[in-house]
Amino acid sequence: MSRPAAAHRIVVGVDRSFAGMQALRRAMQLARREGAQVDAVRAWVFAPTWRPGTLTWRWQDECDRAALVYLRGVFDATMGGVPRDIPVRLVTTQGYAGQVLVDHADRESDLLVVGSPGRGRFGRSRGHVTRYCVRRAVVPVVAVPAPAWARAATIRQFTRDLEQLSR
C-alpha cells in the first residue's frame, strides 16, 4: 500500500502504557516533520450495571470529562504538556478503542499511530486494539512498540509492584 505524500492529519490512540506513550511521541515527531495536525484520541466505554434510563447521560458526561483529564495527564507525563508548536486536537469518544480509532482515521490522507504492547506469556500477542486497527483501517497504520528498556521483565515486574503500592 502506498502512503500519501504528506499526511494532513495524524490520529494517535492515547493511553498510559509504555507503548502508548511511545506512540504519542512518535506521532508528534511525524507531525513536526510533515507539518500535520494531530488528533489525540481517547476512547472510553460506559456500561451501566443498573436499569437503563436512570440518569446515564450524567455519568456519560462525567466519563467524557474524565477521559479529557486522562488525555491531558498522558501529555503531561509524556511530553511535559500539550505542545504549542503543533496543532493538537484532544478527542474523547465513547466506544471501543479499535473501532473508535478506525472510524476517526477515515480520510485518505490520514495516518493512524497506535502503541503495540508486544507479546505476553507463551508468545501470544497482547495488542488486540493494534491488531484491530491494522486489519480494519483504510489508512496506513504505524504500530509503535514500547521502548527497549520497558520491555525487560524486571521493569514490568517493578511497574506492577509500583501499581500495587499506589492503590
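Presented here is an overview of the structure given in this document. (Residues numbered from 1 in each chain as written. Predicted model: local features only at pLDDT ≥ 70, side-chain atom pairs only at ≥ 80, totals over all residues. Heavy atoms only, no water.)

### A short note on the overall build of the protein chain
Here is the rule: Strands here are runs of E lasting at least two residues and helices are runs of H or I lasting at least four, both read from the DSSP assignment and numbered beginning at the N terminus. Under the scheme applied here, a residue whose accessible area is under 20% of the maximum for its type counts as buried, over 50% as exposed, and between as partly exposed, the area being computed with a 1.4 Å probe on protein chains only. Contact between two residues is taken to exist if any of their heavy atoms lie within 4.5 Å; hydrogens are not considered.
Helix and strand counts for the protein chain stand at five helices and five strands. Along the protein chain, helices (α) and strands (β) appear in the sequence β-α-β-α-β-α-β-α-β-α when read from the amino end. Burial status across the protein chain gives 37% buried among its 167 residues. Partitioning the contacts of the protein chain with sequence separation of at least 6, the portion at a separation of at least 24 is 74%.

### Overview of the nonpolar core
Threshold: As used here, the term nonpolar core means buried Ala, Val, Leu, Ile, Met, Phe, Trp, Tyr and Cys residues forming a set that is joined through side-chain atoms within 4.5 Å.
Within the largest apolar cluster, 21 residues are counted, with the highest numbers of intra-cluster contacts made by Ile10, Val12, Val14, Leu24, Val38 and Val113. Only strand S1 (9-13), helix H1 (18-34), strand S2 (37-44), helix H2 (56-79) and strand S4 (110-116) provide two or more residues apiece to this core. Among the elements that take part in this core, H1 stands out by supplying seven residues, more than any other. Among residues more than four places away in sequence, those in contact with valine 38 are Ile10, Val12, Ala27, Met28, Ala31, Ile86, Pro87, Val88 and Arg89. By size, the runner-up hydrophobic cluster in this structure holds 13 residues, among which are Val91, Val100, Ala105 and Val139.

### As for the packing of helix H3 (residues 97-104) against helix H4 (residues 128-136)
Angle between the axes and distance between the axes: these two values describe a pair of packed helices. Rules: Fitted lines through C-alpha atoms serve as axes, helices being fitted only where they are in contact, and the angles separating the N-to-C directions of these axes extend from 0 to 180 degrees. Crossing handedness is defined as follows: a turn of the near helix away from the far one that is anticlockwise and smaller than a right angle gives a left-handed crossing, while the clockwise case is right-handed. Residues are sorted three ways: Asp, Glu, Lys and Arg are charged, Ala, Val, Leu, Ile, Met, Phe, Trp, Tyr, Cys and Pro are nonpolar, and all the rest, Gly among them, are polar.
Where H3 contacts H4, the two axes come as close as 8 Å, and the packing angle between them is 35°. As H3 runs across H4, the sense of the crossing is right-handed. Residue-level inspection shows Ala97, Gly98, Gln99, Leu101 and Val102 of H3 in contact with H4, the latter providing Val129, Tyr132, Cys133 and Arg136. For the contact of H3 with H4, the class distribution of residues is six nonpolar, two polar and one charged.

### Here we look at H3
What H3 keeps buried is the set Gly98, Val100, Leu101, Val102 and His104. Tucked inside the fold, the buried residues of H3 contact S1, S2, strand S3 (88-94), S4 and H4.

### Remarks on the environment of alanine 31
Secondary-structure assignment places alanine 31 in helix H1. Overall, the relative accessible area of 3% leaves alanine 31 in the buried class. Alanine 31 sits 56 residues away from proline 87 along the chain, and the two C-alpha atoms are 8.7 Å apart.

### Some details on the pairing of S4
Defined as follows: Two strands form a pair only when DSSP identifies at least two bridges running between them.
Here S4 lies mainly inside the structure; six of its seven residues are buried. Two elements, S1 and S4, share four bridges in a ladder whose sense is parallel. Bridge assignment links valine 11 to a residue of S4, and that residue is leucine 112. Here S4 runs beside strand S5 (residues 141-145); their pairing, made up of five bridges, is parallel. Looking across to S5, one finds that glycine 115 is bridged to valine 144.

### Quick notes on the pattern of salt bridges
For clarity, the cut-off: When a carboxyl oxygen of Asp or Glu is within 4 Å of a side-chain nitrogen of Lys or Arg, the pair counts as a salt bridge.
Throughout the structure, instances matching the rule amount to seven salt bridges. For arginine 9, the salt bridge identified is with aspartate 110, shortest N-O distance 2.5 Å. One end of the pair, arginine 9, is in strand S1; the other, aspartate 110, is in strand S4, with 101 residues separating them in the sequence. Residue arginine 9 is classed as buried on the basis of its relative accessible area, which comes to 3%. What makes aspartate 110 buried here is its relative accessible area of 1%. As a salt-bridge pair, arginine 89 and aspartate 39 come within 3.2 Å of each other at their nearest N and O atoms. Highlighted residues: arginine 89 in strand S3 and aspartate 39 in strand S2, separated in sequence by 50 residues. In this structure arginine 89 comes out as partly exposed when scored by relative accessible area, which is 39%.

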